[in-house]
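Structural description and commentary
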Amino acid sequence: MYKKYSKLIVAAIVALIFIGTFVFLYEKSQPKPVEYTEFTPKMGDVLKTTVITGKIEPRNEVNVKPQISGIITEICKQAGDFVQAGEVIAKVKVIPDMGQLSSAQARVRLAEINLKQAQVNYGREEQLYKKQLVSADEFDKVKQSLQQAKEEKVAALDALEVVRDGVSKSNASASSTLIRSTISGIILDIPVKVGNSVILANTFNDGTTIASVANMNDLIFRGNIDETEVGNLVVGMPMKITIGAMQDLKFDADLEYISPKAVENNGANQFEVKAAVRSVKGGKIRSGYSANAEIVLAKASHVITVPESAIEFSGDSTFVYIVKGSGEKKTYERKQVTTGLSDGVNIEIKKGLSLKDKVRGPQVVADNKDDE
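Since we're looking at a predicted model, the values are computed, not measured.

Criteria and thresholds
Residues numbered from 1 in each chain as written. Predicted model: local features only at pLDDT ≥ 70, side-chain atom pairs only at ≥ 80, totals over all residues. Heavy atoms only, no water. Helix = DSSP H or I, 4+ residues; strand = E, 2+ residues; numbered from the N terminus. Buried < 20%, exposed > 50% of the residue type's maximum accessible area, 1.4 Å probe, protein only. Contact = heavy atoms within 4.5 Å. Areas by Shrake-Rupley, 256 points an atom, 1.4 Å probe, with all protein chains shown as cover. Phe/Tyr/Trp six-rings, centres within 6.5 Å; stacked < 30°, edge-to-face > 60°. Lys NZ or Arg CZ within 6 Å of the ring centre and 35° of its normal. Pairing = 2+ DSSP bridges. Salt bridge = Lys/Arg side-chain N within 4 Å of Asp/Glu carboxyl O. pLDDT = per-residue confidence, 0-100. Polar contact = N/O pair within 3.5 Å; in protein donor to acceptor, adjacent residues only side chain to side chain. Core = buried A, V, L, I, M, F, W, Y, C linked by side-chain atoms within 4.5 Å.

**Some words on the overall build of the protein**
- Helix and strand counts for the protein stand at 4 helices and 20 strands.
- When burial is assessed residue by residue, the protein has 29% of its 372 residues classed as buried.
- Nonlocal contacts in the protein, meaning residues at least 24 apart in sequence, comprise 72% of its contacts between residues at least 6 apart.
- For the protein, the accessible area works out to roughly 24100 Å², and carbon and sulfur atoms hold 52% of it.

Pasting the structure below:
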């Protein structure tokens, strides 16, 4: 009797498991109702922007070069120092050219000979003039010759000093051995060291750069923009500059230059742009910082917007599905709309939709945790 009931209980359990499994699989196989996200149109602004990559650099960077050739004997400044125009950056010791030195020395010797002869002639002519044996006109000519001989000796000595020392006594204040900054600004780099040989600029050589100086309060952003977007740019457009190394630091800038000629960059035609950076005082910005410039190409203000994902594109037409009813009686009415500017997330609706409408968005994809 006990065995008989046991068999019945086991059979009942098996039947329940079988029925439960069948019901579970049946329910799983039934299609679930499709659910959609829903959006309410909003009033707002739509901005179409682009980001230009580039770098920050001073508008004018000047390379200070020597006016003579020689050897650096002293460097008075270092990179990062502020200098005024005319302030000494370095000193140069002249290494004279032997040919020029010999010519200058010969000129001095010749000037001394001429001066001695002029003095003798003057003394002789002066005695004759006192005895009224020569005219005043002849005496004035001899006196003038003496003065010219004196000036020639002074000039010859100056030339010798310039060739030998790089400076003469008569122009010591404007010595070319003192390398002075030509502008006021920050020294960006001093690529030479004490003991380095330097040469002046000539027809065959640009000359040695002693220092690079720039006004770091007058900076520009330089970057490149793709040819597909350059047509939307206009000189004077505002930009927002973000420094790559200083994410929390942003600056305003004004577009001031658009290149009329494209350059090829990685297979794409791009145009160079420059923008004047505003409010950069304080020394936080360094030359060569990588930066991004955000610029608004187009703007639609105070317009009806919906997420672009709610728009159905069909050829040249655009449609939305307006929600009708609620609950199980909910339906969707397809309606054509006229769209405007898009920022990639939201899109402007010019016609066909009001703020009271509710539109259908993408289908809701539920997570099926039972399959994990």
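Now that the structure is up, let's keep going.
**Observations regarding the packing of aromatic side chains**
- Within this structure, the stated rule accounts for 2 aromatic pairs.
- Summarising the aromatic geometry, the rings of Y129 and F139 are spaced 4.6 Å apart at their centres and angled 5° between planes, so their arrangement reads as stacked. A residue pair is termed long-range when its members are at least 10 positions apart, and Y129 in helix α2 (residues 98-130) and F139 in helix α3 (residues 136-165) qualify at 10 residues.
- What makes Y129 partly exposed here is its relative accessible area of 35%.
- Within the aromatic cluster, the residues linked to one another by ring pairs are Y122, Y129 and F139.
- The lysine or arginine in question, R360, covers the ring of Y321, its NZ or CZ lying 4.1 Å from the ring centre.
- Positioned over the ring face of Y332 is R360, at 5.1 Å from the centre of the ring.

**With respect to the pairing of strand β6 (residues 88-94)**
- Of all 7 residues in β6, 5 are buried; the element is thus mostly enclosed.
- Relative to β6, strand β4 (residues 70-75) runs antiparallel, the two sharing 5 bridges. Paired with G70 across the two strands is V94, which belongs to β6.
- As defined by bridge partners, β6 adjoins strand β7 (residues 178-180) across 3 bridges and the pair is classed as antiparallel. Its bridge partner lying in β7, K91 is registered against L178.

**Topic: the environment of I243**
- Within the fold, I243 resides in strand β12 (residues 238-243).
- In this structure the C-alpha to C-alpha distance between I243 and I285, which are 42 residues apart in sequence, comes to 8.7 Å.
- Ignoring sequence-local partners within four residues, the contact set of I243 consists of I56, L249, F251, I285, Y289, S290 and A291.

**So, the pattern of salt bridges**
- Evaluated as defined, the whole model comprises 13 salt bridges.
- The residue R59 makes a salt bridge to D218 at a minimum N-O spacing of 3.1 Å. With a gap of 159 residues between them, R59 in the loop between β2 (42-58) and β3 (61-64) and D218 in the loop between β10 (211-214) and β11 (219-226) connect regions that are remote in the sequence.
- Note that E312 is salt-bridged to R334, the shortest N-O span being 2.6 Å. With E312 in strand β16 (residues 312-314) and R334 in strand β18 (residues 331-342), the pair connects residues that are 22 residues apart, well separated along the chain.
- Given a relative accessible area of 25%, E312 falls into the partly exposed group.
- The network of salt bridges with shared partners includes E57, R222 and E272.

**Some remarks on the confidence of the model for the protein**
- Per-residue confidence for the protein gives a mean pLDDT of 82; residues scoring 70 or more make up 85%.
- When mean pLDDT is taken per element in the protein, β10 scores highest with 93 and helix α1 (residues 2-29) scores lowest with 66.

**Considerations on the side chain of S259**
- Here S259 lies in strand β13 (residues 246-265).
- With a relative accessible area of 12%, S259 lands in the buried category.
- In terms of polar contacts, S259 uses its side chain to reach the backbone carbonyl oxygen of K261, at 2.8 Å.
- Setting aside its immediate chain neighbours within four residues, S259 contacts F271 and E272.

**Brief notes about the environment of I349**
- Assignment of secondary structure puts I349 in strand β19 (residues 346-351).
- A residue is classified by how much of its surface remains accessible, and I349, at 4% relative accessible area, is buried.
- In the structure, I349 is positioned 45 residues away from I304 in sequence and 5.4 Å away in space, judged by C-alpha atoms.
- In this view, I349 contacts I304, V306, I311, V337, T338 and T339; residues no more than four positions away in its chain are not counted.

**Examining the sheet that holds β10**
- Strand order in the open sheet formed by 4 strands is β3-β10-β8-β5, with antiparallel pairing between adjacent strands. Here the strands that pair on one side only, and so sit at the sheet edges, are β3 and β5 (82-83).
- Note that strand β8 (residues 185-189) and β10 share 3 bridges and pair antiparallel. Along β10, the bridge assignment pairs I186 with A214.

**What to know about the nonpolar core**
- Counting 27 residues, the largest nonpolar core has I56, F221, L233, M239 and I241 as its most contacted members.
- For this core, the secondary structure elements donating two or more residues are β2, β11, β12, β13, β14 (268-277) and β15 (290-307).
- At 5 residues, β13 tops the list of elements feeding residues into this core.
- Not counting residues within four places of it along the chain, the set of residues in contact with I241 comprises I56, F221, L249, K250, F251, A253, A291, N292 and A293.
- The next biggest cluster of nonpolar side chains, apart from the first, holds 16 residues, and it includes V94, I179, V198 and A211.

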